[in-house]
Amino acid sequence: MTGKETKPKSPRVSTQPGRAREDAIEEMIRVDHAGEYGAVRIYEGQRAVFRALPHKQEIANALERMAKDEEVHLARFNELVNERQVRPTALAPVWHVAGFALGAATALLGEKAAHACTAAVEEVIDDHYKSQVNRLDQMGEEEKPLRDTIEKFRLEEVEHRDEAIAAGAKEAPAYPLLSGTIKAACRLAIRISEKA
């Protein structure tokens, strides 16, 4: 050995059964459950604003359709929490209020701001789910059903993002600031919900 050689990096998640692997799966399910719950609440906040405005029925209907996807995702993660006996995040009451408030606030700023919110959230979720799919790929066939579920949901989130961008998300007032703030908040919520 020359002294300059380094040990090969080990995978982030053990490919062997054991507590580290189980902890990683529990964190994935916990954070995804929390995220889907937060997404449902964001759409509830946005829909509460737009449903009250008769001239905003087109966006209200689009949000209703996207919200139904999120409700399906949440229902599946509810099942996974029970099947895998994963403790849900202790911060659910915070995400209950924060999700609704974010949805309502962006809707009050207008349609384009509501779309900007969707685009920002879904961009973070796309990256987050991609990372999880890559980690689950390392675990082999045993976790393929979970991996396939997350990949399916990721593709639906990408559809929401693309629809929001097509509807004018990037034309929202102060879009870079709004989008950046929402993305940073989502990333922080992910980190917190994995453990808490």
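Placed above this text is the structure.
What you see is a predicted model; the values in this text were computed from it and never measured. (Residues numbered from 1 in each chain as written. Predicted model: local features only at pLDDT ≥ 70, side-chain atom pairs only at ≥ 80, totals over all residues. Heavy atoms only, no water.)

Got a minute to help me understand the packing of helix α3 (residues 92–108) against helix α6 (residues 175–195) in this structure?
Interaxial distance between α3 and α6 falls to 13 Å at its minimum, and their mutual angle equals 170°. The pairing of α3 with α6 is recorded here as roughly antiparallel in orientation. On the side of α3, the interface is formed by W95, L102 and T106, while α6 contributes I182, A189, I192 and S193. (Axes fitted to C-alpha atoms, helices over the stretch in contact; angles between N-to-C directions. Helix = DSSP H or I, 4+ residues; strand = E, 2+ residues; numbered from the N terminus. Parallel < 35°, antiparallel > 145°, perpendicular 65-115°, else oblique. Contact = heavy atoms within 4.5 Å.)

Help me understand the nonpolar core, please; the structure alone is not making it clear to me.
Most often, soluble globular proteins have nonpolar side chains that are buried together. Core analysis: the biggest nonpolar cluster contains 33 residues, and I29, F77, V121, L136, L146, I150 and I182 have the highest contact counts within it. Broken down by secondary-structure element, the contributors of at least two residues to this core are α1 (19–51), α2 (57–83), α4 (111–138), α5 (144–166) and α6. If you tally residues by element for this core, the top one is α4, at 11 residues. Within the second largest apolar cluster, 12 residues are counted, among which are Y43, I59, L63 and M66. (Core = buried A, V, L, I, M, F, W, Y, C linked by side-chain atoms within 4.5 Å. Buried < 20%, exposed > 50% of the residue type's maximum accessible area, 1.4 Å probe, protein only.)

What am I meant to see in the environment of F50 here?
Tracing the backbone through its elements, the reader meets F50 in helix α1. Sequence separation between F50 and E143 is 93 residues, and the spatial gap between their C-alpha atoms is 40 Å. For F50, the residues in contact, after removing those within four places along its chain, are K56, Q57, I59, A60, L63, A107, G110, E111 and A114.

For this particular structure, what's the right way to read the environment of I42?
Within the secondary structure, I42 is located in helix α1. Considering only alpha carbons, one finds I42 and H96, 54 residues apart in sequence, at a separation of 8.9 Å. Dropping the residues within four chain positions of it, I42 is found in contact with G99, F100, L102, G103, C117 and V121.

Explanation requested: α2 in the structure shown.
The periodicity of an α-helix, 3.6 residues per turn, causes residues three or four places apart in sequence to face the same way. An ideal rise of 1.5 Å per residue puts 39 Å on 27 residues; α2 measures up with 39 Å between its terminal C-alpha atoms. Those residues of α2 not exposed but buried are I59, A60, A62, L63, M66, A67, E70, H73, L74, F77, L80 and V81. One or two positions beyond α2, positive phi appears at Q85, with a value near 55°. (Expected span 1.5 Å × (residues − 1).)

Which parts of the structure should I look at to understand α6?
Between its first and last C-alpha atoms α6 spans 31 Å; for 21 residues at 1.5 Å apiece the expected length is 30 Å, and the two agree. The complete set of buried residues in α6 reads Y175, L178, S179, I182, K183, C186, I190 and S193. With its buried residues spanning 125° around the axis, α6 presents them on a single face. Exposed residues lying more than 90 degrees from the buried face of α6 are P176, L177, R191 and K195. (Arc of directions from axis to C-beta.)

Just checking my understanding: could you explain the pattern of salt bridges for this structure?
Close approach of charged atoms lets side chains of opposite charge pair. If you walk through the whole model with that rule in mind, you get 18 salt bridges. Residue K130 pairs with D126 through a salt bridge whose shortest N-O separation is 3.7 Å. Taken together, the residues span about one helical turn, with K130 and D126 both in helix α4 at a distance of 4 residues. Taking the relative accessible area as the measure of exposure, D126 reaches 6% and is therefore buried. Note that R154 is salt-bridged to E151, the shortest N-O span being 2.9 Å. Here R154 pairs with E151, and both are found in helix α5, just 3 residues apart, close to one helical turn. On the basis of relative accessible area, R154 is assigned to the buried category, the value being 12%. Since its relative accessible area comes to 18%, E151 is described here as buried. (Salt bridge = Lys/Arg side-chain N within 4 Å of Asp/Glu carboxyl O.)

Sorry if this is basic, but what is going on with the packing of α4 against α5 here?
Angle between the axes and distance between the axes: these two values describe a pair of packed helices. One way to put it is that α4 packs onto α5 with a least axis distance of 8 Å and a crossing angle of 155°. In terms of orientation, α4 lies roughly antiparallel with respect to α5. Relative to α5, the crossing made by α4 is left-handed. Split by residue class, the contact of α4 with α5 holds 11 nonpolar, 4 polar and 10 charged. (Left-handed = near helix turned anticlockwise from the far one by under 90°. Nonpolar A, V, L, I, M, F, W, Y, C, P; charged D, E, K, R; others polar.)

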